Amino acid sequence: MSRLGSHSFVRLLKCNVRCVRICGGQRFKSNEPSEFEHPVSRTIRVLKGDVKNYFSLPEGEKTFRKQHFLSGHCDVLVIGGGIMGSSIAYWLKQRARQGLHVVVVEKDPTVIPNNVLCYTSASTVLSVGGIRQQFSVPESIQMSLFGAEFLRNVKKHLYVEGHDPPDVQFTPTGYLFLATEKGATQLEENYKLQQELGAKNELLSPTKLKEKFPWLNTEDIALGCHGLRDEGWFDPWSLLDGFKKKAINLGAEYIQGEAVGFKFKSMPDVMVEGVEPGTYEALDSLLIKTPSGDIHPIKFGLCVIAAGPQSGAVAKMARIGNGAGYLQFPLPVEPRKRYVYAFNCPNGPGLNTPLTVDPTGAYFRREGLAGSFIGGRSPDVDKEPSTENLDVDHQFFDDYIWPHIAKRVKAFEGLKVNSAWAGFYEYNTFDANGIVGLHPYYQNLYLATGFSGHGIQHGPAVGRAVMEMIIDGGFKTIDLSRLSFDRIITGNPILENNIW
Ligand SMILES: Cc1cc2nc3c(=O)[nH]c(=O)nc-3n(C[C@H](O)[C@H](O)[C@H](O)COP(=O)(O)OP(=O)(O)OC[C@H]3O[C@@H](n4cnc5c(N)ncnc54)[C@H](O)[C@@H]3O)c2cc1C
């Protein structure tokens, strides 16, 4: 009986990956002593098996395999092709090239000309695209610093020969967090930590705030913190598109389909805490429903859940939250609706306006050049709107946002709302922070989700971190071990210290 640790599993994966390249992909057969069979005979034997299996498949399955890959199995299967899934696919392929067969399954059915999936409801494309170091959780600060460095070099990282380099329109105008007397000490503590970790921010007294931003009403403000570099916003769609194109260019495969279930396989030799010896079942394949309505299984070596707001629901398909031992704990990630309003105010604050966050949580930033702005605010916890659709509540702006931003910027008294949209945060109800790493029950299931409104800026760092866990067996750059699922089991939330 054995309980494989993550390191030994990765070693197994590495040897498995080598074996896949030699023997045509018969996963989990690598325990057979390869010395006893000549590699060429083994290749022929396995290929014969694959070909025989292929011809015995139903017609629909054959067509699916012809369109994608004949073997029906891959090394790493990523569920969700938003910023997290696409960044993971990019980093894995960038590092392992032909050594890993990476497949991304993305359900968003909307297709625009040239067969491009256009993600109508993914968090990524409905996001505001903000990036800041103004957090109180060290890992979030570190991930954002890396995110900014990645954005500055994005044209180099994501360049694909024959295509224009991605233009993410990084606008490093900074964030400005404002605190009343009540939040000033916390703001100062956060600032110190951010400085220690390499962020370039400045604390501003009300007088200094007024000098720098004459349009700001500072009457109830005790302190402000302004980002001097690496903070601002960028175009989320361009970053996602860039990651996806580059991942595909490096050999990752995107399949349009919805993950609807898992297949399990019995592994009686594996022991896991809380599981009756001999009854352990591992994840074997993902069931994918294609736009035609057919369901196809894809076997995988490793699977990553990066399904954004639907991650909790996808995890449930893997019995997470529906079993004994470690499986009794659900993945606490669900959709939470957030509104963004676009408004016009030609005499509003000028081009150097940072993304400004009021002590009430209401925020605004400029959008382009022609006196256009966007803004929003999270609702009170007891007033979360329904997540049945992406309809916008226009009254929410009048009641909960306008009074605060119009008090902060006099010109906003006369603003005019032009349009609005709603998107879903992939909200982690446990502590509103990302969950990254191996699931403690399954030795081949990784999680990369739950960033709750700050995930787009962390996409580059999370993709790299997942790649490190899979290929190196542990974090090599930013240590994200505190973000693992384990904290949900041990009941240790990592909470952001908010400013008031
Ligand atoms: C209004 C709003 C403003 C935001 N502002 C910011 C900001 O300023 N800065 C910031 O950093 N972050 C912001 N965010 C958060 C950020 O957008 C998210 O954290 C990030 O995009 C999450 O990326 P993801 O890849 O995990 O999820 P998604 O982008 O949602 O991608 C998940 C993908 O999985 C697919 N999927 C789901 N279920 C299945 C299934 N069963 N089978 C196959 N595919 C499936 C979905 O179709 C989707 O494309 C904002 C979010 C919103 C909604």
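Parameters and conventions
- Residues numbered from 1 in each chain as written.
- Predicted model: local features only at pLDDT ≥ 70, side-chain atom pairs only at ≥ 80, totals over all residues.
- Heavy atoms only, no water.
- UniProt positions renumbered as here; feature names shortened; annotations may be inferred.
- Pairing = 2+ DSSP bridges.
- Helix = DSSP H or I, 4+ residues; strand = E, 2+ residues; numbered from the N terminus.
- Axes fitted to C-alpha atoms, helices over the stretch in contact; angles between N-to-C directions.
- Contact = heavy atoms within 4.5 Å.
- Salt bridge = Lys/Arg side-chain N within 4 Å of Asp/Glu carboxyl O.
- Buried < 20%, exposed > 50% of the residue type's maximum accessible area, 1.4 Å probe, protein only.
- Near = heavy atom within 4 Å.
- Polar contact = N/O pair within 3.5 Å; in protein donor to acceptor, adjacent residues only side chain to side chain.
- Areas by Shrake-Rupley, 256 points an atom, 1.4 Å probe, with all protein chains shown as cover.
- Core = buried A, V, L, I, M, F, W, Y, C linked by side-chain atoms within 4.5 Å.
- Phe/Tyr/Trp six-rings, centres within 6.5 Å; stacked < 30°, edge-to-face > 60°.
- Lys NZ or Arg CZ within 6 Å of the ring centre and 35° of its normal.
- Parallel < 35°, antiparallel > 145°, perpendicular 65-115°, else oblique.
- Nonpolar A, V, L, I, M, F, W, Y, C, P; charged D, E, K, R; others polar.
- Expected span 1.5 Å × (residues − 1).
- Left-handed = near helix turned anticlockwise from the far one by under 90°.

An unreviewed UniProt entry lists the protein under the name FAD-dependent oxidoreductase domain-containing protein 1, from Gryllus longicercus. If you open the UniProt record of the protein and go to Function (unreviewed entry), you find "Required for the assembly of the mitochondrial membrane respiratory chain NADH dehydrogenase (Complex I). Involved in mid-late stages of complex I assembly."

(A) How the structure looks around the sheet that holds strand β7 (residues 201–204). Spatially, 8 strands are ordered β7-β8-β6-β15-β16-β17-β14-β18 in an open sheet, and the strand pairing comes out mixed. For this open sheet the edge positions go to β7 and β18 (416–428), each flanked by a neighbour on one side alone. Between one strand and the next, the sheet's axes are offset by a mean angle of 20 degrees, whatever the strand orientation. In this sheet, strand β8 (residues 223–227) lies alongside strand β6 (residues 175–179) in antiparallel orientation, the contact comprising 4 bridges. The partner of leucine 178 across the bridge, within β8, is glycine 224. Docked against the sheet, helix α7 (residues 181–196) engages β6, β7 and β8, running at close to 30 degrees with respect to β8. Docked against the sheet, helix α11 (residues 394–408) engages β6, β14 (333–344), β16 (363–366), β17 (372–376) and β18, running at close to 60 degrees with respect to β14.

(B) Region of the structure containing the pattern of salt bridges. Under the counting rule described, the total for this entry stands at 21 salt bridges. The partner of arginine 229 in a salt bridge is aspartate 230, and the shortest N-O contact between them spans 3.4 Å. In this structure, the salt-bridge partner of glutamate 367 is arginine 365, at a minimum N-O distance of 2.6 Å. The class for glutamate 367 is partly exposed, based on a relative accessible area of 39%. Since its relative accessible area comes to 4%, arginine 365 is described here as buried. One network of salt bridges, with partners in common, ties together Asp220, Asp358, Lys407 and Arg408.

(C) Focus on the pairing of strand β19 (residues 435–438). The sheet contact formed by β19 and strand β20 (residues 445–449) spans 4 bridges and is antiparallel. Bridging from a neighbouring strand, isoleucine 435 pairs with threonine 449 of β20. A loop of 6 residues connects β19 with β20, the two strands running antiparallel in sequence.

(D) Representation of the site of the ligand. The immediate surroundings of the ligand are formed by 38 residues, with Glu106, Thr124, Gly130, Ala259 and Glu426 found nearest. In the environment of the ligand, an oxygen atom lies 2.9 Å from a nitrogen or oxygen atom belonging to the backbone of serine 123. A distance of 2.5 Å is found between an oxygen atom of the ligand and a side-chain nitrogen or oxygen belonging to threonine 124. Taking 1000 Å² as the accessible area of the ligand by itself, protein coverage stands at 97%. Elements supplying a minimum of two residues to the shell around the ligand: α4 (83–96), β2 (102–106), β11 (258–266), β18 and α12 (455–472).

(E) Summary view of the nonpolar core. Val76, Leu92, Phe150, Leu239, Val304, Val466 and Ile470 are the most contacted members of the largest nonpolar core, which totals 53 residues. Broken down by element, the residue count for this core peaks at 9 residues, all from α12. Discounting chain neighbours no more than four positions away, the residues touching phenylalanine 150 are Tyr90, Trp91, His157, Leu158, Leu239, Phe243 and Pro460. Ranked by size, the runner-up nonpolar core spans 37 residues in total, among them Tyr280, Ile298, Phe300 and Leu331.

(F) The arrangement of the packing of aromatic side chains in detail. Taken as a whole, this structure holds 23 aromatic pairs when the rule is applied. The interplanar angle of 50 degrees and the centroid separation of 6.1 Å between the aromatic rings of tryptophan 91 and phenylalanine 150 together place this pair among those described as tilted. With a gap of 59 residues between them, tryptophan 91 in helix α4 and phenylalanine 150 in helix α5 (residues 138–152) connect regions that are remote in the sequence. As far as burial versus exposure is concerned, tryptophan 91 and phenylalanine 150 are alike and both buried. Connected via pairs of aromatic rings, a cluster forms that spans Phe213, Trp215, Tyr339, Tyr341, Phe343, Phe364, Phe373, Phe396, Phe397, Tyr400 and Phe412. In this structure, lysine 182 packs its charged tip against the face of tryptophan 500, placed 5.2 Å from the ring centre. A cation sits over an aromatic face here: arginine 464 above phenylalanine 146, 3.7 Å from the ring centre.

(G) Main features of the packing of α5 against α12. Where α5 contacts α12, the two axes come as close as 7 Å, and the packing angle between them is 100 degrees. With respect to α12, the element α5 is oriented roughly perpendicular. Contacts between α5 and α12 involve Ser140, Met143, Ser144, Phe146, Gly147 and Phe150 from the former and Gln457, His458, Pro460, Ala461, Val462 and Arg464 from the latter. Counted by class, the contact of α5 with α12 contains 6 nonpolar, 5 polar and 1 charged residues.

(H) Layout of α4. Given a rise of 1.5 Å per residue, 14 residues ought to cover 20 Å, and the 20 Å separating the end C-alpha atoms of α4 matches this to within 8%. For α4, the buried fraction is high: 11 of the 14 residues fall into the buried class. Within the span of α4, buried status applies to Ile83, Met84, Gly85, Ser86, Ser87, Ile88, Ala89, Tyr90, Trp91, Leu92 and Lys93.

(I) Expanded view of the side chain of histidine 458. Tracing the chain through its elements places histidine 458 in helix α12. For histidine 458, a relative accessible area of 0% gives the class buried. For histidine 458, the side chain forms a polar contact with the main-chain oxygen of serine 140, separated by 3.1 Å. Beyond its immediate chain neighbours, meaning those up to four positions away, histidine 458 contacts Met84, Phe135, Ser140, Met143, Ser144 and Phe451.

(J) Focus on the environment of phenylalanine 213. When you line up the elements, phenylalanine 213 lands in the loop between α8 (206–212) and β8. In contact with phenylalanine 213, not counting residues within four places along its chain, are Leu176, Leu204, His226, Asn352 and Pro354.

(K) Region of interest: the environment of leucine 197. If you trace the backbone, leucine 197 turns up in the loop between α7 and β7. Here leucine 197 falls in the partly exposed class, since its relative accessible area comes to 28%. Each C-alpha atom of the pair leucine 197 and glutamine 133 lies 9.4 Å from the other, and the pair is 64 residues apart in sequence. Other than its neighbours up to four places away in sequence, leucine 197 contacts Pro138, Ile141, Gln142 and Leu145.

(L) The packing of α4 against helix α9 (residues 236–249), seen in detail. Closest axis-to-axis distance for the α4/α9 pair is 8 Å, and the angle between their directions is 35 degrees. The way α4 lies across α9 gives a crossing that is left-handed. Packed against α4, whose contacting residues are Ile83, Ser86, Ser87, Ala89, Tyr90, Trp91 and Lys93, the element α9 presents Leu239, Leu240, Phe243, Lys244, Lys246 and Ala247 at the interface. Here the residues of the contact of α4 with α9 sort into 8 nonpolar, 2 polar and 3 charged.

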